[in-house]
Structure formats: C-alpha cells, structure tokens
Amino acid sequence: MDPNCQNKLLAAFKVCLLAGIASWMMPSTAHAQLRSGSAPRTIYQKNNQAPAANATQWVPNQGTKAKGKTPKSTSADAAVDETDEADGLQFREPKLQSGVQSASYREGAVKRGSKSQVIKASTYQEAEAQPEPIPETASPVQERIGYDYEPGPSSSGCSSCDAAGHLGHSDHSSFSHSPYFATAGSMEFMPLYEGDCHHPSLFGRMLSGLSVRLEGTNWDRSASNMPILVTTSPTGTNAATAGQIGLSTTRILFGGGNVNDTPEGGGRLTLNTWLDDCRYYGLSFRGWDAGTGDTEFFTNQSTNAIIARPFLDFTNGLPATQNAQLIAFPGDTAGNVRIRAESEIAGGDLTLRRLLCADTRSRWDMLFGYQFAQLNDSLNIQTDSTVIDNTSLLFGTSIDVNDSFKTSNQFQGFAIGLQGARRWGCWYFDGSFKLGLGNMERTITIAGQTTVTDANGASTVDDEGLLARFSNDGHYISDTFVVVPEFGLNVGYALTNSLDFTIGYTAMSLPKVAQAASQIDPQLGSNLSDPLTGQLRPSFVLTETNYWLSGFSYGLQYRY
C-alpha cells in the first residue's frame, strides 16, 4: 500500500475517534433539560391552571405550623384542603415581586381524583415574564413533562392511533408500560419516566425497554467479473484451433462477463434495549445475512459437440500462444464441464447508543460499537473427458481436471456514527450513518487436481489443474486497513401500542476484498511443461475489488 494512503487513512481514523470521544464527553441537552434550575421546592397547582398572583402555595409539614393568615377557600376547594391537611400539608401565601411571574407552574403536579400528586419543580423565576396559562385541553402527560404544549389528537396526524401510544393523546391509562415515552421504532423520544417504569436491576431495565425487529431483505450486490472459461466452435472446425480466444468462429459458452449480479433474498434481526431508566444509553445488536449468490453452468457433448477450455499457452516458451484444452470433440473425446460460482455475505454489529438531544418528536443518538462482516467467494471448475478414438493408445482413458479458487474476507473494526428519528403521528422515520474502521483479512486458497484413469481402472493423481498449478496454488493471507461506510433509512407505521410495520433501505461498501474469479491468472496463462521449463505461469497476484451491497427490507417490530 502507498505510505501516503496509509497516513491519510490513519489520520481519518484519528479524526473519527476524536469526534466520538468529544461527543461522548459533550453534555447531553436532555440532561440539561432535566437538571435546569436550582434547589427544587414543592408546589401544588389547582385545576391544572397557572397560579395567579395570590395563589396558594403548599409546603410539606415540618411538624410546626407556618406563620401567616389562612386564605379563604371556596366550597370546591374544601375537599382538597381537608385532604391536604390530613396528608400533613400546610399553606402560606407566596410572596411575588411586582412584575415577576413564577414559571414553576409549568412543571406542576396533576390532580388525581380527590388527592393531589406532589412533584418537584425548578425554583427559577423569569423577570418581566408574562403568564402563559396551559390550555384546558392539555393532556396530563404534557403538563407533567413540562414541554411546550401541542394540541391533542390532531397533532398526531391521525385520529385512530391512540393504541400506538403517541404523545398528545390524553388517555394513557390502559398501557401496561410507561405512557410517558413517545415511541418511534426502537427509539423512545422522551428521556423522562414515572415510578412504574423504574427497575432496580439492569436486567429489568433491559427487558422493559426491549424491542425486536425481524425483517426480510432483498439484496443487490457486486458481481463477480468472470474471465472466459468455456468456449465452443462450429462442427468441422480443426482441432488445432477449436475454441481458441480471438477467432471469429469461437463462441463463448461461459465467462467474459459478470455473474452473481441478480438480487438475492436474506434476513435481518435487530434487538434494541436501554441501559438506564432515563434512556440516555441504549444497546443494539444486529445480525444480517444477505443470502448466497449461486451461478451454475453445465454442458456436455450432447449440447455442444465441441467444448473447450481456452488458455494462454507458455509451455513452449515465448512468445505465448492461444490454445485450448478440448473437453469434447467429435470422434476424439466426449465429456462435460461443470462450473459453480458462489458468493455469500453476512455480518453483525453491537452498538452503544448515547443520547445527544431529543424533543417530543425527534431524537438524535451517537453510535459507538463493534462491527463485523464476512464475504465468502468461491469458483470451482470441473471437467470430465473420455477418449473415444479407438485408434488411440489412450482409448477408454478418462481425464478429470479440477480447478478451485476460494476466498474469505473478514472485516472487524470499531464503528462510529449518528442515528436520528422523527415522528409524524402513526408514522416515523429513522436513519443512520456509520463508519467502520478496522482490519480486512483476505484469505485465498487455490488448488488444482488432475486424475487420470486408464481403461483398466488404474488411476494416477496429480495436484495440478489447468489454471491452478504449483506456480500459483497455495494458501495466502493478507491484511489491510479499510473504512466501511453504511447508510440506512427506515419508515415505520405503528399498528398497535407494541407492533410496527417497517420498510427500509440499506447500503454499504466493503473495500479491498478478494473475489475468487479475480485471483485467476489475468491472461489465463498456463505452462504445462513437466518438468517445468520456461516462465512460471499461472502466477498469483492478489487482486482487490470494492464490494458494495444494497437492498430493501420489510418486516415487523415488536416492543416489549
């Protein structure tokens, strides 16, 4: 690799790593919202309305009565006053400066039946601030959270998604889990919780926030560029030139283009959970399989009277000449050729999500984690020929030739990225962008074999084929640093409180992989001399390609 290129990649890795560390240390805006204000005090808010200048303020009973006069209460408040006295509360009139309005009512308590729920609110005051009464239609959830009021059902964009648990609906009493999270896919936007969703153990928190997404996928992938491997010629062509590349009479049966370039089905499983009650930190596991691209070719003398395997012949030294190994030729040999090319790719990742910012409709998370991907590619060429010329000394002899090329590409590295989502009623959109930075290990295995069986059944085996010979066979391992980009976009619709339907698109790239067909000698060169004389061919040179993968997904997500 070019040293300058290595330095650039290393610098890019350092930048991404520093960005991740900086974002981890950066204070969350959601934290800031929860921690705003100084020492809290206890207040009571009547009828969910903003307190007037002479509003009654309640403080906990400390065992002695507070000084001050008792305000007159209406009959409507009598029951409440009695209940509060029974609970050990006493009252005094607040002292508000002229022109100063307390803003603490924005985080006031919500009345439940005949009792009042006492909660904490910040003690700051806003000078010259005008009172901002909460509309009578405001839902208890919005009053409790303290965010700016949004209209009720109409804000969700539909009138039939109460079951989805969207923020803005007032009736949340039927939910088995906390209704105070506006949900979208695997992401709960609101970083607040009620006592009923607090779990004393990490396992309880993870189980309570668990979501499972199961998807079917349809993947499009990089093709394998296949050299010309099998040819034919019209009947009557001279055996000395039959099947050779470059002649006008030669027709290609297999190779000379792309294979495994059709979409394949696969699947993906995603698990999401939370590590804390306030849901600042989440954990995601994803495993996916893009399926196997499989191309198989077979022909015999019944389909094509002449079958040949072309190669560039270095046997007699330079200059090399075009030649072909005849698998089937009328009156001489009968045989067949079978070729199989396979490509399979799968991967997974384990990601820690850290909240950057959130509001009632959207959320952004920083992503850190481990990423894994593996691409296996193989090409196997097998021929079987039998001598049918009864005038030949080799009459009845069968010759089986096998060439095998296999590659395995394994990526492991650190991943950093950004994930965001936004909700519109029953619909939500979430997207992510990640960069995987790590090592790509390429393993190449090349092997050949020729088995000759005479008419009497005696066999000899030679560990060489036509394109896989001792000059290039073996086991090769190579490592290189790569950056693996990935982009994903999902659209979901909440069918119920716990079940979503999702569709999505994903695209990723695996740089510098080794594909099996690319490891064949680029000129199909071969030296068949034995013992060897002349140039070592076929030769091995690691050939790299950039592999891309993209596809659509569709599935269901269940939130526990």
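This one's a predicted model, so the numbers in the text were calculated from it and none came from an experiment. Counting restarts for each chain: residues are numbered from 1 in the order of the written sequence. The predicted nature of this model means local features are confined to residues of pLDDT at least 70 and side-chain atom pairs, given and counted, to a pLDDT of 80 or more, with totals for whole chains, interfaces and linings taken over all residues. Derived side-chain values reflect all non-hydrogen atoms in the structure, with water molecules and hydrogen atoms excluded from consideration.

Participant: Please give an account of the overall build of the protein chain that cites residues and values.
Facilitator: Each helix and strand counted, the protein chain has five helices and 28 strands in total. In the protein chain, which comprises 560 residues, the proportion classed as buried is 46%. Restricting to contacts in the protein chain with at least 6 residues of sequence separation, those with at least 24 account for 76%. Exposure was quantified through the Shrake-Rupley algorithm and a 1.4 Å probe, taking into account, for residues, occlusion by the shown protein chains and nothing else. Accessible surface, the protein chain: about 27100 Å² in total, of which carbon and sulfur atoms supply 56%. Counting from the N terminus, the helices are the DSSP runs of H or I reaching at least four residues and the strands are the DSSP runs of E reaching at least two. Throughout, exposure labels follow a simple rule: accessible area from a 1.4 Å probe, protein chains only, divided by the maximum for the residue type, with under 20% read as buried, over 50% as exposed, and the rest as partly exposed. Pairs of residues are marked as contacts when any of their non-hydrogen atoms sit within 4.5 Å.

Participant: Which residues make up unusual backbone geometry, and what values go with them?
Facilitator: Residue Pro 531 is bonded to the preceding Asp 530 through a cis peptide linkage, with omega at 5 degrees. Positionally, Pro 531 belongs in the loop between strand 27 (525–526) and strand 28 (545–559). Across the junction of Arg 537 and Pro 538, the peptide omega takes the value 5 degrees, indicating a cis bond. One can find Pro 538 in the loop between strand 27 and strand 28.

Participant: I'd like a rundown of the nonpolar core, residues and numbers included.
Facilitator: Residues enter a nonpolar core if they are buried and are Ala, Val, Leu, Ile, Met, Phe, Trp, Tyr or Cys, with the set joined through side-chain atoms within 4.5 Å. Ranked by internal contacts, the top residues of the largest apolar core, which has 27 residues, are Leu 229, Val 230, Ile 339 and Leu 379. Counting residues per element, the ones that place at least two in this core are strand 14 (251–254), strand 18 (307–313), strand 19 (321–328), strand 20 (333–358), strand 21 (362–387) and strand 23 (427–453). With three residues, the single largest contributor to this core is strand 20. Ignoring sequence-local partners within four residues, the contact set of Leu 379 consists of Met 226, Leu 229, Ile 339, Arg 340, Ala 341, Asp 403, Ser 404, Phe 405, Ala 516, Ala 517 and Ile 520. Grouped together as the second largest cluster of nonpolar side chains are 15 residues, Trp 219, Phe 411, Tyr 547 and Leu 549 included.

Participant: Can you tell me about the packing of aromatic side chains, naming the residues and giving the values?
Facilitator: The criterion for an aromatic pair is that two Phe, Tyr or Trp rings (for Trp, the six-membered ring) have centres within 6.5 Å, with stacked assigned to planes under 30 degrees apart, edge-to-face to planes over 60 apart and tilted to the rest. For the coordinates displayed, the defined rule picks out six aromatic pairs. Taking the centre distance of 6.0 Å and the plane angle of 40 degrees together, the rings of Trp 219 and Trp 288 count as tilted. Residue Trp 219 is located in strand 11 (residues 211–221), and its partner Trp 288 is located in strand 17 (residues 281–300); the two are separated by 69 residues in the primary sequence. Among the residues examined, Trp 219 registers a relative accessible area of 2% and is labelled buried.

Participant: Help me get a handle on the side chain of Arg 363, residues and values and all.
Facilitator: Along the chain, the position of Arg 363 falls in strand 21. A relative accessible area of 0% places Arg 363 in the buried class. The term polar contact refers here to a pair of N or O atoms within 3.5 Å; inside protein, the definition further demands a hydrogen-donor-capable atom paired with an acceptor-capable atom, and it admits residues adjacent in sequence only when both atoms are side-chain atoms. A polar side-chain atom of Arg 363 sits 2.7 Å from a polar atom in the side chain of Asp 365.

Participant: Go over a nonpolar patch on the surface, please, and point to the residues and values.
Facilitator: On the surface, a nonpolar cluster with roughly 520 Å² of combined accessible area is contributed by Leu 214, Leu 269, Leu 271, Phe 285, Leu 350 and Tyr 370. Summarising the element assignment, Phe 285 is placed in strand 17. Overall, Phe 285 belongs to the partly exposed group, its relative accessible area being 39%. Within the patch definition used here, like charges are joined within 9 Å and nonpolar side chains (Val, Leu, Ile, Met, Phe, Trp, Tyr) within 5 Å, considering only residues with over 30% relative accessible area and no salt bridge. Put simply, a salt bridge is a Lys or Arg side-chain nitrogen that is within 4 Å of an Asp or Glu carboxyl oxygen.

Participant: Can you break down the pattern of salt bridges residue by residue, with the values?
Facilitator: Taken as a whole and assessed by the stated rule, the structure comprises 14 salt bridges. Between Arg 340 and Asp 294 there is a salt bridge, and its shortest N-O distance comes to 2.7 Å. Placement of the pair is Arg 340 in strand 20 and Asp 294 in strand 17, with a sequence separation of 46 residues. When salt bridges with common partners are traced through the structure, they connect Arg 286, Asp 349, Lys 434 and Glu 486 into a single cluster.

Participant: Before we move on, could you go through the confidence of the model for the protein chain and cite the residues and values that matter?
Facilitator: Think of pLDDT as the predictor's per-residue confidence, scored from 0 to 100. Confidence along the protein chain averages 74 in pLDDT terms, with 64% of residues attaining 70 or more. Of the regions scoring below 50 in pLDDT, residues 134–197 engages in 160 contacts with residues more than four places distant in sequence or in other chains.

Participant: Which residues make up the environment of Gln 557, and what values do they have?
Facilitator: Looking at the element boundaries, Gln 557 is found in strand 28. When the C-alpha positions of Gln 557 and Ala 494 are compared, they lie 9.2 Å apart, and in sequence the two are 63 residues distant.

Participant: Now, about the environment of Thr 303: what can you tell me, with residues and values included?
Facilitator: The residue Thr 303 is located in the loop between strand 17 and strand 18 in this model. Linking Thr 303 and Asn 336, residues 33 residues apart in sequence, is a C-alpha distance of 9.6 Å.

Participant: Talk me through the pairing of strand 26 (residues 499–513); I want residue IDs and the actual numbers.
Facilitator: Of the strand pairs in this sheet, strand 25 (residues 474–494) and strand 26 are connected by nine bridges, and their pairing is antiparallel. Bridge pairing in strand 26 places Glu 486 opposite Met 508. Note on pairing: DSSP must find at least two bridges between two strands before they are called paired. Hairpin geometry of strand 25 and strand 26 is characterised by an intervening segment of four residues between the two adjacent antiparallel strands. Relative to strand 28, strand 26 runs antiparallel, the two being bridged by 13 bridges. If you follow Ala 507 over to strand 28, its bridge partner there is Ser 550.

Participant: Any chance you could break down the environment of Asn 218 for me, citing the residues and the numbers?
Facilitator: Mapped onto the elements, Asn 218 comes out in strand 11. A residue is classified by how much of its surface remains accessible, and Asn 218, at 39% relative accessible area, is partly exposed. In this structure, the C-alpha to C-alpha distance between Asn 218 and Tyr 554, residues 336 residues apart in sequence, is 9.0 Å. What Asn 218 contacts, discounting residues up to four positions off in sequence, is Pro 263, Glu 264, Gly 265, Ser 550, Gly 551 and Phe 552.

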